[in-house]
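# Structural characterization, general
Each chain, letter by letter, is given below.
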Amino acid sequence: MLHASQQRVGASRAFRSGKAPRLSLMRCRASAGQRDADAQAMSRRQSLASGLVLVAGALAMPAMADEVAAPAEPLAEVLSPTQVIVPGEIVAPPARPDVNVEMRELKDPILAYRFMYPVSTTDGKPLTMTMSRAPEKYSSAAPLTADARQRIVSELFDFKSFVGASMSVGPASGALKGRAPTEWKPREVALTVLVDRSTARTTVGQRLMLNTVEEAHLEERGGLQYWVYEHVSQGSPTITNRSRESYRHQLAVTSWRAGLDGTPYLYTLNLSCPEELWPSLEAPFRKAVQSFALLPTTRDYIPPDKDPWLFF
């Protein structure tokens, strides 16, 4: 029997001489074919995987684009075509539109003035403003105090709600007397008018002011001076408020016109209401104050100092 080494040498010689067994050649060819098939399958799987990756990428592109286009948080919030609020910026609230309340006009040619007065509140509550004192000349008007300087020349009043609008006229007195109106300070005008309307006195005969002036300022309209002031006074118990500590909130405006001898006469419109009604009447009162005006005089005009004691 041949040794194993001799058999391997013989097989090698036979293969080189082309005399190798046919079975071995077929096995080699089969192995090569299998490798080619495996390579083609692998190539097809890679192509398919690449195609799937491309399709997935295309589907994801719109979402990615949206994510890039939209910021993490909005830069501004648009509330209206004219108002933009940027985060972190403090913006004042939109201006409240003018309160719509019903107003009527009182016009007096005798003393040449006009003003509007409310006949409803901002809550829609009607006011029955009755003419308690018809417009009249200064000499026949009812005095507010014993010295008869300040006199009510016209007055309207709602007896149910205790809301009033009164017009009073009187000569400049106190700190205003003897000084040019251009030198008058708003608070001086307010205090002088309120003291002159008061009937309270001390033991030495000095008159007391029972009002607290909350605010006073000067407005110029049409070349004339108008001093506007807000004040509060302690009032008497009413049907709506029977407490001893009842208060009346008031808004007034004062202007002046020279008399026959050049003395300045103060024209004051005063609107008042119980303190609890002030929130619903502040806006109408301010409208009334803004509407107050001294008018050009006509033939019907009667100066305050013309026959001041002639009542008829």
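Since we're looking at a predicted model, the values are computed, not measured.

## Focus on the overall build of the chain
Regarding its fold elements, the chain presents 4 helices and 13 strands. Every one of the 312 residues in the chain was classed for burial, and the buried ones make up 36%. Taking the intrachain contacts of the chain between residues at least 6 apart in sequence as the baseline, contacts between residues at least 24 apart amount to 54%. Roughly 19700 Å² of accessible area belongs to the chain as shown, and the carbon and sulfur atoms make up 58% of that amount.

## Re the packing of aromatic side chains
Overall, the coordinates contain 7 aromatic pairs when judged by the stated rule. Ring centres of Phe157 and Phe162 lie 6.5 Å apart, and the angle between their planes is 80 degrees; on these two criteria the pair is classed as edge-to-face. A relative accessible area of 18% places Phe157 in the buried class. Assessed through its relative accessible area of 18%, Phe162 is described here as buried. Between Trp278 and Phe285, the ring centres sit 6.2 Å apart and the planes meet at 65 degrees, which makes this aromatic pair edge-to-face. Pairwise contacts between aromatic rings join Phe157, Phe159 and Phe162 into one cluster.

## Remarks on the side chain of Asp108
Tracing the backbone through its elements, the reader meets Asp108 in strand 3 (residues 103-108). The side chain of Asp108 sits in the buried core without any salt bridge; Arg257 is the nearest counter-charge, 8.5 Å away. For Asp108, the side chain forms a polar contact with the main-chain nitrogen of Ile110, separated by 3.0 Å. Aside from chain neighbours lying at most four places away, what touches Asp108 is Tyr113, Pro135 and Glu136.

## Quick word on unusual backbone geometry
It is generally the case that most residues other than glycine have a negative phi and that most peptide bonds are trans. Positive phi is not limited to glycine here, since Ala112 has a value of about 60 degrees. Checked against the element boundaries, Ala112 lands in the loop between strand 3 and strand 4 (113-118). For Ala112, a relative accessible area of 2% translates into the label buried. Positive phi, close to 60 degrees, is recorded for Phe162, a residue that is not glycine. When you line up the elements, Phe162 lands in the loop between strand 7 (151-158) and strand 8 (163-171).

## A word on the pairing of strand 9 (residues 211-221)
Bridge count for strand 9 against strand 10 (residues 224-234) is 10 bridges, and the pairing is antiparallel. Along strand 10, the bridge assignment pairs His217 with Val228. Linkage of strand 9 to strand 10, two consecutive antiparallel strands, is achieved through a turn of 2 residues, within which Gly222 is found at a positive phi near 55 degrees.

## Points about the confidence of the model for the chain
The share of residues in the chain with pLDDT of 70 or more is 59%, and the mean pLDDT across the chain is 75. Counting interchain partners and residues more than four positions distant, the pLDDT-below-50 stretch residues 1-5 has 1 contact. Predicted confidence for residues 14-30 stays below pLDDT 50, and this span has 3 contacts to residues more than four positions away or in other chains.

## Topic: the pattern of salt bridges
Under the defined criterion, the tally for this structure stands at 9 salt bridges. Arg104 serves as the salt-bridge partner of Glu102, at 4.0 Å between the closest nitrogen and oxygen. Owing to a relative accessible area of 46%, Arg104 belongs among the partly exposed residues under this scheme. The salt bridge involving Arg179 is made with Glu183; its shortest N-O contact spans 4.0 Å. On the basis of relative accessible area, Glu183 is assigned to the partly exposed category, the value being 44%.

## Topic: helix 3 (residues 186-197)
Helix length check: helix 3, at 12 residues, gives a terminal C-alpha distance of 17 Å against a target of 16 Å (1.5 Å per residue), a fit within 8%. Buried residues of helix 3: Val189, Ala190, Thr192, Val193, Leu194 and Asp196, and no others. Taken together, the buried residues of helix 3 touch strand 8, strand 9, strand 10, strand 11 (247-258) and strand 12 (264-274).

Calculation criteria
Residues numbered from 1 in each chain as written. Predicted model: local features only at pLDDT ≥ 70, side-chain atom pairs only at ≥ 80, totals over all residues. Heavy atoms only, no water. Helix = DSSP H or I, 4+ residues; strand = E, 2+ residues; numbered from the N terminus. Buried < 20%, exposed > 50% of the residue type's maximum accessible area, 1.4 Å probe, protein only. Contact = heavy atoms within 4.5 Å. Areas by Shrake-Rupley, 256 points an atom, 1.4 Å probe, with all protein chains shown as cover. Phe/Tyr/Trp six-rings, centres within 6.5 Å; stacked < 30°, edge-to-face > 60°. Lys, Arg positive; Asp, Glu negative; His and termini not counted. Salt bridge = Lys/Arg side-chain N within 4 Å of Asp/Glu carboxyl O. Polar contact = N/O pair within 3.5 Å; in protein donor to acceptor, adjacent residues only side chain to side chain. Pairing = 2+ DSSP bridges. pLDDT = per-residue confidence, 0-100. Expected span 1.5 Å × (residues − 1).

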